[in-house]
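Residue strings, one per chain:
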2 protein chains.
Amino acid sequence: MKLTGAQLIGSRESALSDETFTGINPATGENLDTDFHEATKQEIDEAVALADSVFSEFRDRLADFRADFLEAIAEETMALGDEFLERTAAETGHPIARCAAERQRSVNQAYLFAEMIREGSWVDARIDLPDPDREPMAKPDIRSLLQPVGPVAVFGASNFPIAISVLGADTISAFAAGCPVIVKAHPAHPGTCEMAARAILKAAERTRMPDGVFSLIHGRTTDVGKWLVEHPKLTAAAFTGSLAGGRALYDIANARPVPIPFYAEMGSVNPVFVLPGAIKSGVNHVTSGFVNALTMGVGQFCTNPGLVAGIESEQWDNFAADVAERVSGFTPATMLHAGIHHAYTTGIENRNAIEEIELIGKSASNPDPEKSEAAAYVYRTTYDGMAANSELYEELFGPVSTLVGCAGLDEFVAIAEKLDGSLSATIHGTEQDLIDFRPLLKVLQRKAGRLIFNGYPVGLEVCHSIHHGGPYPATCHSYFTSVGTRCIERFVRPVCYQDWPDSQLPLALQNANPRGVWRMVDGERSREEITG
Amino acid sequence: MKLTGAQLIGSRESALSDETFTGINPATGENLDTDFHEATKQEIDEAVALADSVFSEFRDRLADFRADFLEAIAEETMALGDEFLERTAAETGHPIARCAAERQRSVNQAYLFAEMIREGSWVDARIDLPDPDREPMAKPDIRSLLQPVGPVAVFGASNFPIAISVLGADTISAFAAGCPVIVKAHPAHPGTCEMAARAILKAAERTRMPDGVFSLIHGRTTDVGKWLVEHPKLTAAAFTGSLAGGRALYDIANARPVPIPFYAEMGSVNPVFVLPGAIKSGVNHVTSGFVNALTMGVGQFCTNPGLVAGIESEQWDNFAADVAERVSGFTPATMLHAGIHHAYTTGIENRNAIEEIELIGKSASNPDPEKSEAAAYVYRTTYDGMAANSELYEELFGPVSTLVGCAGLDEFVAIAEKLDGSLSATIHGTEQDLIDFRPLLKVLQRKAGRLIFNGYPVGLEVCHSIHHGGPYPATCHSYFTSVGTRCIERFVRPVCYQDWPDSQLPLALQNANPRGVWRMVDGERSREEITG
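Being a predicted model, the structure only gives us computed values, none of them experimental.

Undergrad: Describe in detail the overall build of chain A, supporting the description with residues and values.
TA: Across its full length, chain A carries 16 helices and 23 strands. Relative to its length of 532 residues, chain A is compact, with a C-alpha radius of gyration of 25 Å against a globular reference of 24 Å. Projected onto its principal axes, the C-alpha positions of chain A cover 75 × 65 × 40 Å. Every one of the 532 residues in chain A was classed for burial, and the buried ones make up 65%. The contacts in chain A between residues at least 6 apart in sequence include a share of 76% that link residues at least 24 apart. Total accessible area computed for chain A in this model is approximately 18200 Å², and 51% of it derives from carbon and sulfur atoms. Side chains of chain A give 44 positive and 70 negative charges; the mean places of these two sets differ by 4 Å.

In structure tokens, the structure reads:
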């Protein structure tokens, strides 16, 4: 595919600025082909205005047609072929197999949302029937359902260049809801973004969606994101990335004359607590899973387990020794880009300078900084060491974790209390451990969006029940998830109809229930039609 | 009941500050009994810390016990007797009958939430069953449900001293969710607040809720609200009131190191569009309802219809004449307090100074400013008059509205486009009008949270399907409602359990489904247990 590096404003290309940048292969430092043009304010205005102008038309398409669009996106994504995976691998250092897995996740996700909107119950249709005879006041007919909010901006993540970028859940769920999308391409994988965008545009054309339901804009400067979030016609934005970047845009969204929700998922520490039952009978099953979770994808997951707490004991010593040995076997590998690599190596230097922690294990072979390679590191400290170094409670993005030896439940609870909000918290142990350590669980329940038992937080299941969110700084609003079907809730709002004529109601609210959706009628769940 | 004017920090009274204020009877200007103490920062800290300390215990109470608590609140509210209504009437100028109606709404609301949490399906339990044989990766067991966020602050409204204050949906839904509540008493009805608070405290004691699930603090200064919203242990806040007050606290909530959601409902213009079919056959049925909606409660509703657009015609002239005549029959009445009265009279002066609008009707008798009385006013203008005066798009709180004559659909659409977000939008007309004026509806659907046909927005039905919210400035987050059972969503967040032992899961997620709640199992709605 020939890339142009232009802004894709609907089907139209625009490259007003002479300021350009390229993708860079992090494994070689080489500039990749294609000059990507920094978007101008005018181009951003045009993209959002176009999205706004087609919103009503897109919203009012039957859900089935929007489902066709989502399925066509899946097909066109696959049709990009190996060239797509190769470009992604070149821009990110991800192995081809990882790129293929991400593509599969995106494609499955598009089908899942298509299925959900064809079925239709997700709109949460609610009906309270009228009672003209009620005293002292007649009861009106009230019906409500979820409707899309309007144009949505998406800021993808660097670490999932396919599955949490142009083709991620943000874009797909916004389309499913009926919202036009403007994606700000991630400057670390601009070619991947353009290829994915062209797949979406082709799908939109094939399924006759209005021109403008999708635009892609490029930019390395903070201005581009700022202009996008400040645009008065924008109604919501979704972001995955760093705390600093997310918070800056969140503040801009809130400071607008008309604030809009800014849904940022900003990563977290993802603590793991190893309870006594887990290591009583040997540690291998826990340590192997842990080191795998720690080093997978060169530790570049927002669910990377950055902190592991256990109870000081011979078993804990064995656990630490086993982890150290396994970590030494991790061959240093290329990180996503030079910026992340620099932040990681700086972070490791800082960690090495902390007196109260001990480096107990690291990759046996040395990383090549020219290739932006990262080694894995595991540190060990005590409860007091944690208490003296609050930076150990902060995420360091990459294959690094700290083992914390505690005296028992009280120190576990104290550590949990000091944790910031986290996407996940993990327990290793037995059922009896969960009972014995209930005070710890009571705290973790307040801190995390997902509680994992005898597993690891990486490898997120995309389904109806998943929650990928949590208290700040994991996200900016803990009600909303950025993965799984519930993430569509970010781009909708309830609209209520009072005494509205049946024929003019949205289908899901009409008496006959022509789509057969689940509804709440006078408080009862039902798929029945309303008669009489 | 003997009032003390102290902060009620759980069951403990505290009055550290010597700075006090009293309730004032707006009809007489007299100070009412009891000196209410301005809360100190220390008292606010104590109230929030206490709420935080009992959160886990309150959260983990069986829903049935929390339902008992809500029902006891209803009973204790009724047990306050006429004295409660008399105090409310004295502090607000509301007639006793209105106070009684508000009390009934609060009591009904408590029973409705009690019923909902006993039934239990509101937690939105979702289960995706595992598949250990799935390739390339085993599928984990994922389950999620809604859980309470933590301590919640409530800022009640002046215009509903019972139904949207201490005993309002904010407090009741937060309790239903499992969140402790700290109410900032409204300084315009502090005695009403204390009496209501004592009913809640008695109910909490009777049903053995932990001491600290409820606190009441007083204050007239902005510091009290600021300290409360800034408190690090606070997890959410709900507010009903003015745009200026709501936005100021919203900005504080967002600027925290750890931002929290601030759910403000700040009123709106609530436009009414009178389509041709509505007045073809005479205007009486429309005008009588309109003037009633306009003047009810001295126009002090956030859903007051502040703008009525029609098509210039003889019929529209008749409509205007009929409205003017009916408005003259409104006897001036006391507003809630001197501040609101002053804002209203100033607003009317400003409106009278606008050249492009004409005062076509007002109360025949003169208001007595000593009694904070408001007369009703109706103005008439044209599309061009609206275009020249953007302040006509802004809410003026009180019994005032503007009739706008338009040339037809295009001007309707242009007016709708210029509207800010609104709690409601109303159409009067026929079913055929809805078809003929579809472009107008497409715009209103983007602007309002509730669309009303041949009715009026005041008199909100408290039920499952109601939505009392809308795009900014109607609220700060259009996904959430402040009235109706969905308002519980403001105080919860999903928590997800991965591969968690069945016996240790919350009841709604256990295989046996012991509470028989509706769940989503592998995407299908069901109340069945999970076997095998």
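Undergrad: Please set out the interface of chain B and chain A residue by residue, giving values where relevant.
TA: Taken residue by residue, the interface counts 82 residues in chain B and 82 residues in chain A. Counting the surface chain B buries against chain A, the share from its top three residues, Arg446, Tyr479 and Arg493 of chain B, is 10%. Seen at the junction of chain B and chain A, the total is 8 salt bridges. The salt bridge involving Arg134 of chain A is made with Glu461 of chain B; its shortest N-O contact spans 2.7 Å. For the pair chain B and chain A, the interface holds 50 residue pairs in polar contact (both at pLDDT 80 or more). Looking at the side of chain B that touches chain A, the elements with two or more residues in it are helix 1 (41-60), strand 5 (125-128), strand 6 (142-148), helix 8 (243-255), helix 15 (431-436), helix 16 (438-447), strand 20 (448-453) and strand 21 (492-498) of chain B.

Undergrad: Please give an account of the relation of the copies chain B and chain A that cites residues and values.
TA: Least-squares fitting of chain B to chain A yields an RMSD of 0.0 Å, with the transformation described by 0.0 Å of translation along the axis and a rotation of 180 degrees. Here the two chains are linked by the operation of a two-fold rotation axis. Minimal C-alpha distance to the rotation axis in chain B is attained by Asn254 of chain B, lying at 3.6 Å.

Undergrad: Go over helix 2 (residues 63-79) of chain B with me, naming the residues and quoting the values.
TA: Residues that lie three or four places apart on an α-helix share one face, since the helix turns once every 3.6 residues. Residue and element names in this part refer to chain B. Across its 17 residues, helix 2 extends 24 Å between first and last C-alpha, which sits within 8% of the 24 Å expected from 1.5 Å per residue. The set of residues buried in helix 2 consists of Ala63, Arg66, Ala67, Phe69, Leu70, Ala72, Ile73, Ala74, Glu76 and Thr77. Close packing links the buried residues of helix 2 with helix 1, helix 3 (81-92), helix 4 (96-119), helix 5 (169-177) and helix 6 (190-206). At the C-terminal side of helix 2, Gly81 shows a positive phi close to 70 degrees.

Undergrad: Pulling in residues and values, what's your account of the domain arrangement of chain A?
TA: All names here are of chain A. By the assigned domains, chain A splits into domain 1 (7-20 + 31-266 + 481-490) and domain 2 (271-453). With centres defined by C-alpha atoms, the gap from domain 1 to domain 2 works out at 34 Å. Domain 1 puts 11 residues into the contact, and the matching count from domain 2 is 12 residues. Taken together, both faces of the contact between domain 1 and domain 2 bury some 810 Å²; the carbon and sulfur share is 60%. Where domain 1 meets domain 2, there are 0 salt bridges. At the junction of domain 1 with domain 2, the criterion picks out 1 residue pair in polar contact (both at pLDDT 80 or more). Looking at the side of domain 1 that touches domain 2 residue by residue, the classes come out as 3 nonpolar, 5 polar and 3 charged.

Undergrad: Hey, could you go over the sheet that holds strand 15 (residues 358-362) of chain B for me, with residue numbers and the actual values?
TA: Strand order across the open sheet formed by 12 strands is 23(A)-22(A)-5(A)-6(A)-21(A)-20(B)-19(B)-12(B)-13(B)-18(B)-17(B)-15(B), with mixed pairing between neighbours. The sheet terminates laterally at strand 23 (524-526) of chain A together with strand 15 of chain B, the two strands that pair on one side only. If you compare each strand with its neighbour and ignore which way they point, the axes differ by 20 degrees on average. The pairing of strand 5 (residues 125-128) of chain A with strand 6 (residues 142-148) of chain A spans 3 bridges and is antiparallel. For Ile127 of chain A, the partnering residue across the bridge sits in strand 6 of chain A and is Arg143 of chain A. Along the sheet, helix 10 (residues 284-295) of chain B makes contact with strand 13 (307-311), strand 17 (377-382), strand 18 (400-406) and strand 19 (422-428) of chain B, crossing strand 18 of chain B at roughly 145 degrees.

Undergrad: Run through the state of the cysteines, naming residues and quoting values.
TA: According to the stated counting rule, one finds 0 disulfides over all chains in the structure shown. No disulfide involves Cys487 of chain A; its sulfur sits 12 Å from that of Cys463 of chain A, the nearest cysteine.

Undergrad: Before we move on, could you go through the sheet that holds strand 18 (residues 400-406) of chain A and cite the residues and values that matter?
TA: Overall, mixed pairing links the 12 strands, which are arranged 15(A)-17(A)-18(A)-13(A)-12(A)-19(A)-20(A)-21(B)-6(B)-5(B)-22(B)-23(B) in an open sheet. Each edge of the open sheet carries a strand with a single partner, namely strand 15 (358-362) of chain A together with strand 23 (524-526) of chain B. Strand-to-strand twist across the sheet, computed as the mean angle between neighbouring axes with direction ignored, equals 20 degrees. As paired strands, strand 15 of chain A and strand 17 (residues 377-382) of chain A are joined by 4 bridges and run antiparallel to one another.

Undergrad: So what's going on with the packing of aromatic side chains? Which residues, and what values?
TA: For any two aromatic rings, the description comes down to two numbers: the centre-to-centre distance and the angle of the planes. With the rule as written, the count across this model stands at 43 aromatic pairs over all chains. Note on Phe453 of chain A and Trp500 of chain B: the rings are 5.7 Å apart at their centroids and 65 degrees apart in plane angle, and the pair reads as edge-to-face. Here Phe453 of chain A, found in strand 20 (residues 448-453), pairs with Trp500 of chain B, found in the loop between strand 21 and strand 22 (519-521), and the two come from separate chains. Across this residue pair, the class does not change: Phe453 of chain A and Trp500 of chain B are buried. Relative to Phe319 of chain B, the ring of Trp316 of chain B has its centre 4.9 Å away and its plane inclined at 10 degrees; by these criteria the two rings are stacked. Here the residue Trp316 of chain B and the residue Phe319 of chain B both occupy positions in helix 11 (residues 314-328), the gap between them amounting to 3 residues, near one helical turn. Overall, Phe319 of chain B belongs to the buried group, its relative accessible area being 0%.

Undergrad: If you had to explain helix 4 (residues 96-119) of chain A to someone new, which residues and values would you point to?
TA: For helix 4 of chain A, spanning 24 residues, the distance from its first C-alpha to its last is 35 Å, which sits close to the expected 34 Å at 1.5 Å a residue. In the stretch just after helix 4 of chain A, Gly120 of chain A is the one whose phi turns positive, near 95 degrees.

Undergrad: Give me the lowdown on the nonpolar core, citing residues and values where you can.
TA: Across soluble globular proteins, nonpolar side chains show a tendency to be buried alongside one another. Core analysis: the largest hydrophobic core is formed by 289 residues, its most contacted members being Phe214 of chain A together with Phe214 of chain B. Discounting residues that sit within four places of it in the chain, Phe214 of chain A has contacts with Leu8, Gly10, Val166, Thr171, Phe175, Val181, Val183, Ala197, Ile200 and Leu201 of chain A.

Undergrad: Can you lay out the pairing of strand 5 of chain A for me, pointing to particular residues and giving the numbers?
TA: Residues and elements named next belong to chain A. Residues Ala125 and Ile127 of strand 5 are buried on one face, and the alternating residues Arg126 and Asp128, pointing to the opposite face, are buried as well. Strand direction decides the pairing type here: strand 5 and strand 22 (residues 519-521), joined by 3 bridges, are parallel. Within strand 22, the residue paired with Arg126 across the bridge is Met520.

Undergrad: Let's hear about the side chain of Asp170 of chain B: which residues, and what values?
TA: Summarising the element assignment, Asp170 of chain B is placed in helix 5. Beyond its immediate chain neighbours, meaning those up to four positions away, Asp170 of chain B contacts Val154, Ala238, Phe239, Thr240, Ser482, Arg490 and Phe491 of chain B.

Undergrad: Please provide a residue-by-residue account of the environment of Ala253 of chain B, values included.
TA: All names here are of chain B. The residue Ala253 is located in helix 8 in this model. Overall, the relative accessible area of 0% leaves Ala253 in the buried class. If near-sequence neighbours (up to four positions away) are discounted, Ala253 is found in contact with Val229, Pro259, Ile260 and Phe262.

Undergrad: How would you sum up the pairing of strand 10 (residues 236-240) of chain B? Please name residues and give values.
TA: For a regular strand, the rule is simple: side chains alternate between the two faces of the sheet. Residues and elements named next belong to chain B. Among the 5 residues of strand 10, 5 are classified as buried, and the element is accordingly described as predominantly covered. Going residue by residue along strand 10, you find Ala236, Ala238 and Thr240 tucked away on one face and Ala237 and Phe239 tucked away on the opposite face as well. Sheet topology note: the strand 7 (residues 152-155)/strand 10 ladder contains 4 bridges and is parallel. Of the residues in strand 10, the one forming a bridge with Val152 is Ala236. Alignment of strand 10 against strand 11 (residues 262-265), held across 4 bridges, turns out to be parallel. Residue pairing for strand 11: Phe239 is matched across the bridge by Ala264. In this fold, the crossover linking strand 10 to strand 11 by way of helix 8 has right-handed handedness.

Basis of the calculations
Residues numbered from 1 in each chain as written. Chains lettered and ligands numbered in written order. Predicted model: local features only at pLDDT ≥ 70, side-chain atom pairs only at ≥ 80, totals over all residues. Heavy atoms only, no water. Helix = DSSP H or I, 4+ residues; strand = E, 2+ residues; numbered from the N terminus. Rg over C-alpha atoms; globule rule 2.2 N^0.38 Å. Buried < 20%, exposed > 50% of the residue type's maximum accessible area, 1.4 Å probe, protein only. Contact = heavy atoms within 4.5 Å. Areas by Shrake-Rupley, 256 points an atom, 1.4 Å probe, with all protein chains shown as cover. Lys, Arg positive; Asp, Glu negative; His and termini not counted. Charge placed at Lys NZ, Arg CZ, Asp CG, Glu CD. Buried area = accessible area lost by both parts, 1.4 Å probe. Salt bridge = Lys/Arg side-chain N within 4 Å of Asp/Glu carboxyl O. Polar contact = N/O pair within 3.5 Å; in protein donor to acceptor, adjacent residues only side chain to side chain. Least-squares fit on C-alpha atoms with pLDDT ≥ 70 in both. Expected span 1.5 Å × (residues − 1). Domains from an automatic or database assignment. Nonpolar A, V, L, I, M, F, W, Y, C, P; charged D, E, K, R; others polar. Pairing = 2+ DSSP bridges. Axes fitted to C-alpha atoms, helices over the stretch in contact; angles between N-to-C directions. Disulfide = S-S within 2.5 Å. Phe/Tyr/Trp six-rings, centres within 6.5 Å; stacked < 30°, edge-to-face > 60°. Core = buried A, V, L, I, M, F, W, Y, C linked by side-chain atoms within 4.5 Å. Right-handed = clockwise from strand over helix to strand, strands pointing away.

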